[in-house]
Structures are given as C-alpha cells and as structure tokens.
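Residue-level structural notes
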Amino acid sequence: IASGARGGVGGPFLALLGSPELCARVEQLGVFVRYECSVPMRLRELAILCVGQHWKADVEWYAHAPIAAKQGVPEAVIQAIGTDAADIPFDSDADRVVVGFVRALLRTGAVPDEEFAAAQALLGEKGTVELTGLVGYYTLLAFQLK
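Summarised in this report is the structure supplied together with it.

Focus: the packing of helix α3 (residues 41-54) against helix α6 (residues 93-108)
- Contact geometry of α3 with α6 gives a least axis separation of 9 Å together with a crossing angle of 35 degrees. Where α3 crosses over α6, the handedness of that crossing is right-handed. Facing Arg42, Leu43, Leu46, Ala47, Cys50, Val51 and His54 of α3, the residues of α6 in contact are Ala94, Asp95, Val98, Val99, Val102, Arg103, Leu106 and Arg107.

Here it is, written out as structure tokens:
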C-alpha cells in the first residue's frame, strides 16, 4: 500500500491490517475505483462526499472535501451535501445526477428508474456499475473508519 498510489498506510487501512488478506484486496479495489474507473474524478469525489455524509464518517468527509473543491465543486454544493440539504445549488447537471443517484442508493438501497436512466445517459452502463461499486467501497471504508 505504501509503495502504491496512496503513498502511505493510513485511515481505514490501519484497521484493515487486522486481516492482511482483506486489506490487500480492499486496497486493490480502491486503487481501481479511486484512480482508474471511468467515472470522472469530480463526480467520484461528489459520490464519496455523499457516502461520508450518509454514514457520518468524518475522516472520509474531511479527506475528500478538499479534493472535491480542487475538482471545481463549489463550496456551497459541498456544504449542502455535508448538511444533507434537500436543495443543493448545483452548477452542473452531471453533479445533480450523481448526487441524486448516490443519495437514493444509500437511503433506500435502490435507485428510481428516472435517476437510474439519467446516470446511464451520463456515465453509460459501465460508469453506472462503477459508480455503484464506488458507493459500496466507500461504505466499507466508512464502516472501518467508524
């Protein structure tokens, strides 16, 4: 882990070291969903913020809010996600689609047809599958962090 894309072992990986086999496999999945999947980085970071907020995983939130800001996500959007606001001042339809998809998935375990279709139109089938995997991965990390 320390010699890979992360450059160090920290956060949830410290807890995961209790099972080296699980840690290694989770880390490899993480390399893909965080650095290599087809979902654009800005949208990945928005999804991660939604996961961190939903599970009240403060470490996840504080690690990724600055990255989202560097990706051009407006501070007002970051703050609204952080407070679970219903009315988010999106400046991007893509952001709106991803946040709607991720919030629905986290809250109910399913995504309404209209939001699913919007995600597929935006990301394609591959990207929608990868976005769902990203939500699962960061949920696992949130559980480890908590």
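We are not done yet, so read on.
Observations regarding unusual backbone geometry
- Unusually for a residue other than glycine, Lys56 sits at a positive phi of about 55 degrees.
- Within the secondary structure, Lys56 is located in the loop between α3 and α4 (58-70).
- Even without glycine at this site, Asp84 takes up a positive phi of about 60 degrees.
- Mapped onto the fold, Asp84 is located in the loop between α5 (75-82) and α6.
- We classify Asp84 as partly exposed; its relative accessible area is 32%.

Things to note about the packing of aromatic side chains
- Applying the stated criterion to the full structure yields two aromatic pairs.
- Summarising the aromatic geometry, the rings of Tyr137 and Tyr138 are spaced 4.8 Å apart at their centres and angled 90 degrees between planes, so their arrangement reads as edge-to-face.
- In this structure Tyr137 comes out as buried when scored by relative accessible area, which is 2%.

Notes on the nonpolar core
- Ile81, Val102, Leu131 and Tyr138 are the most contacted members of the largest nonpolar core, which has 39 residues in total.
- Only α2 (20-36), α3, α4, α5, α6 and α7 (113-145) provide two or more residues apiece to this core.
- Sorting elements by how many residues they give to this core places α7 first, with eight residues.
- Leaving out residues up to four positions away in the same chain, Ile81 has contacts with Leu46, Leu49, Cys50, Gln53, Trp61, Ile88, Val99 and Arg103.

Here is what the cut-offs are and how they apply
Residues numbered from 1 in each chain as written. Predicted model: local features only at pLDDT ≥ 70, side-chain atom pairs only at ≥ 80, totals over all residues. Heavy atoms only, no water. Axes fitted to C-alpha atoms, helices over the stretch in contact; angles between N-to-C directions. Helix = DSSP H or I, 4+ residues; strand = E, 2+ residues; numbered from the N terminus. Left-handed = near helix turned anticlockwise from the far one by under 90°. Contact = heavy atoms within 4.5 Å. Buried < 20%, exposed > 50% of the residue type's maximum accessible area, 1.4 Å probe, protein only. Phe/Tyr/Trp six-rings, centres within 6.5 Å; stacked < 30°, edge-to-face > 60°. Core = buried A, V, L, I, M, F, W, Y, C linked by side-chain atoms within 4.5 Å.

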